[in-house]
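Chain and residue survey
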Amino acid sequence: MAADNQKEARIASMDENKENVSDTGVGLEILQIIKDSQQQHGLRHGDYQRYRGYCSRRLRRLRKTLGFKMGNRHKFTGKKITEEMLSDSRYLLLVLMEAERAWSYAMQLKQEANTEPRKRFHLMSRLRKAAKHGQKLEKLCESPSIDAKTKLEAQAYTAYLTGMVEFELQEWKPAMEAFNKCKTIYEKLASAFTEELAVLYHQRVEEISPNIRYCAYNIGDQNAINDLMQMRLIGGGGGMMAEKLEALITQTRAKQAATMSEVEWRGRTLPVKIDKARIFLLGLADNEAAIAQASNEDTKEHLYETLLSECRDTIQAVREELKAEKQRERGPDADSGKVSNLQFLHSYLSYIKLCTVVKRNESMAHTLQAKLKDPHNDENKRGPKPQDLIRLYEIILQSLAELSTLQGLEEDHTFQKEMALKTLVYKAYRCFFIAQSYVLVKKWSEALVLYERVLKYAKEVQSKAKSLGNKELPDVQELIAEVNAEKYSLQAAAILDTEEVNEAPSQHTVKDNTPLCDRLETFRLDPALVGKQPNLVHFPPGFQPIPCKPLFFDLALNHVAFPPLDDKVEQKGKGGLTGYIKGIFGFGS
């Protein structure tokens, strides 16, 4: 905690460098201070509680430094900032931090109000408090001692907070007027300064623009919905505003979907009675157009995921209705061969989902191919490999296999031929990148066989595409040209690799690991002898056989006949009782 406080104190001292006293008066870079504080203290991740804690600690440090304490721990004594105090810009910063603290608390409550609606009352209270502090800041900046830039920034900041209050109250006209005032001031400031300083003002204008369009739509401007959809396309209005945009677009489509009753696909007209399916099918063309107009890959990926999510929800709604229909129609005609309209609608939505998956993976594959061919990739980052592309094409082939088994399309021979032809195309691409992965590990023969397989698939596609006339197929002519070029490169690399292998044994024959003691009769220049590890003798020395210590076994003793010694052994005579007594008392010894 102490380390965090020290870090905040260092940042505070850096911010104080942005509070300056110029020749024209006291200045405070309001927007710059706000943005830096928000990015460094939680708002990069949408953590408003952390930012509110930072604002509270910053206020306490400022009051302590300025000696502007509101009484003591026992009694509160209110103080007001007057124009006489404005010789020090930190008093302006004090009011700014109070407004930011109230605003961040309101945004925190807005996140929590999704699950606890009663917190909305507290949210409005804190927003009004923030707007009140903003008005106080604007009034203080009217002093002659404040420079013109700070006055304009204070007016824009107050207008923004006022617009937020009116926006939450759904007072669209006052909110739009406040946001327009804020936007105008920031645009004027951006045009008055250098491009480096103007970037921050332009970013603020882009943040406000979705709110203005949303207010215009709610006032009655029907053209604003197109602007809002375009903003969603370029990624404007993130966070909670993005949720409002999605809800508004869904609401607009729901109104238009009331007039939609049927859709035609594969020569069959299908009645669409489910509202969720109507809304999805009505917005399908807009979503596809947005994907086609997407400026970067991240936006395109986000739009693909949004479309797939909506499609899954719609399929689930149709599936539930299909289950209910099957339960109602249990009877003798329930197992008739004809596919029902609802089942065919389910197949149509599944077709849309699987085709979207194919397009998304194909788009990702094109991006990875471009990175794979780019030799200037960052060495610190892991670059794409052929294995990544193989996985993408496997997912595409799996989706095509599911498309071929959709219910109601088994007898559609044209559709089945189209799917078979697309399968051949993507098999060719998958085979090509498998060959590329073999080239990386120098398995030349396997790679060459796979390249031949690619050419076989490509030529088969060309012969069948003429009869089918499908214009949606990827062009395989470019793939054929690339395979032919890769084959020549592969053959050259294989030849060079073979020469290196042949040269290797000649180098080994020159190098001899025999130690010097075993080749004293042969002269040869050996640089290793004067190096740090000369090979002079075998070390450790090898094992040699030596005679072991003999063991003696005395086996002849058992067969030796010794001479009799009876004549030399003293014979003891019989002495009777007298001899026994003598023996006891030792007389006979």
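Refer to the structure above for everything that follows.
Residues numbered from 1 in each chain as written. Predicted model: local features only at pLDDT ≥ 70, side-chain atom pairs only at ≥ 80, totals over all residues. Heavy atoms only, no water.

Here we take up the packing of helix α13 (residues 341-373) against helix α15 (residues 413-440). Interaxial distance between α13 and α15 falls to 13 Å at its minimum, and their mutual angle equals 25°. By the angle between their directions, the pair α13 and α15 is classed as roughly parallel. Taken as a pair, α13 and α15 cross one another with a handedness that is left-handed. In this structure, α13 uses Tyr351, Val358, Glu362, Gln369 and Leu372 to contact α15, whose residues at the interface are Phe415, Tyr426 and Phe433. Looking at the contact of α13 with α15 residue by residue, the classes come out as 6 nonpolar, 1 polar and 1 charged. (Axes fitted to C-alpha atoms, helices over the stretch in contact; angles between N-to-C directions. Helix = DSSP H or I, 4+ residues; strand = E, 2+ residues; numbered from the N terminus. Parallel < 35°, antiparallel > 145°, perpendicular 65-115°, else oblique. Left-handed = near helix turned anticlockwise from the far one by under 90°. Contact = heavy atoms within 4.5 Å. Nonpolar A, V, L, I, M, F, W, Y, C, P; charged D, E, K, R; others polar.)

Okay, the nonpolar core next. Core analysis: the largest hydrophobic core is formed by 68 residues, its most contacted members being Leu281, Leu345, Tyr351, Ile352 and Leu403. Listed by contribution, the elements that provide at least two residues to this core are β3 (262-265), α11 (275-293), α12 (297-328), α13, α14 (386-404), α15, α16 (444-468) and α17 (477-510). It is α15 that contributes the most residues to this core, 12 residues altogether. The contacts of Leu403, once residues within four sequence positions are left out, are Tyr351, Leu354, Cys355, Phe415 and Met419. In this structure, Tyr54, Met97, Tyr160 and Trp172 belong to the second largest nonpolar core, which totals 64 residues. (Core = buried A, V, L, I, M, F, W, Y, C linked by side-chain atoms within 4.5 Å. Buried < 20%, exposed > 50% of the residue type's maximum accessible area, 1.4 Å probe, protein only.)

The next thing to look at is unusual backbone geometry. Cis rather than trans, the peptide bond between Phe539 and Pro540 has omega equal to -5°. Relative to the elements of secondary structure, Pro540 occurs in the loop between α17 and α18 (576-585). Here Lys442, not a glycine, exhibits a phi torsion of approximately 65°, which is positive. For Lys442, the position within the fold is in the loop between α15 and α16.

Turning to the environment of Leu516, a few remarks are in order. As for its placement among the helices and strands, Leu516 is situated in the loop between α17 and α18. Spatially, the C-alpha atoms of Leu516 and Asp526 are 9.8 Å apart, while their sequence positions differ by 10 residues. If near-sequence neighbours (up to four positions away) are discounted, Leu516 is found in contact with Leu529, Asn535 and Leu536.

Right, let's talk about the pattern of salt bridges for a bit. One pass over the structure, following the stated rule, counts 14 salt bridges. In this structure, Glu207 engages Arg204 in a salt bridge whose closest nitrogen and oxygen atoms are separated by 3.5 Å. With Glu207 and Arg204 both in helix α8 (residues 195-219), this residue pair falls 3 residues apart, about one helical turn. Here Arg204 falls in the buried class, since its relative accessible area comes to 4%. Where Glu394 meets Arg391, a salt bridge forms, and the shortest distance between an N and an O atom there is 3.9 Å. Linking Glu394 with Arg391, this pair stays in helix α14, spanning 3 residues, or about one helical turn. On the accessibility criterion, Arg391 (48% relative accessible area) is partly exposed. (Salt bridge = Lys/Arg side-chain N within 4 Å of Asp/Glu carboxyl O.)

The topology assignment puts Glu98 in helix α4 (residues 90-112). A polar contact is formed between the side chain of Glu98 and the side chain of Arg63, at a distance of 2.8 Å. Setting aside chain neighbours within four positions, we find Glu98 in contact with Leu59, Arg63 and His133. (Polar contact = N/O pair within 3.5 Å; in protein donor to acceptor, adjacent residues only side chain to side chain.)

We now examine the packing of aromatic side chains. Tallied over the entire structure, the rule returns 19 aromatic pairs. Each ring, one from Trp265 and one from Tyr348, has its centre 5.0 Å from the other, and the planes form 35°; the classification is tilted. On the criterion of sequence distance, the pair formed by Trp265 in strand β3 and Tyr348 in helix α13 is long-range, its members being 83 residues apart. Just as Trp265 is buried, Tyr348 falls in that class too. Seen in terms of ring centroids, Tyr393 and Tyr429 are 5.6 Å apart; in terms of plane orientation they differ by 10°. Their pairing is stacked. Remark: Tyr429 occurs in helix α15 and Tyr393 occurs in helix α14; sequence separation between them is 36 residues. Judged on exposure class, the residue Tyr393 and its partner Tyr429 are both buried. Aromatic ring contacts, followed pair by pair, group Tyr393, Tyr426, Tyr429, Phe432, Phe433 and Tyr451 into a single cluster. For Lys149, the ring lying beneath its charged end belongs to Phe193, and the centroid distance is 4.8 Å. (Phe/Tyr/Trp six-rings, centres within 6.5 Å; stacked < 30°, edge-to-face > 60°. Lys NZ or Arg CZ within 6 Å of the ring centre and 35° of its normal.)

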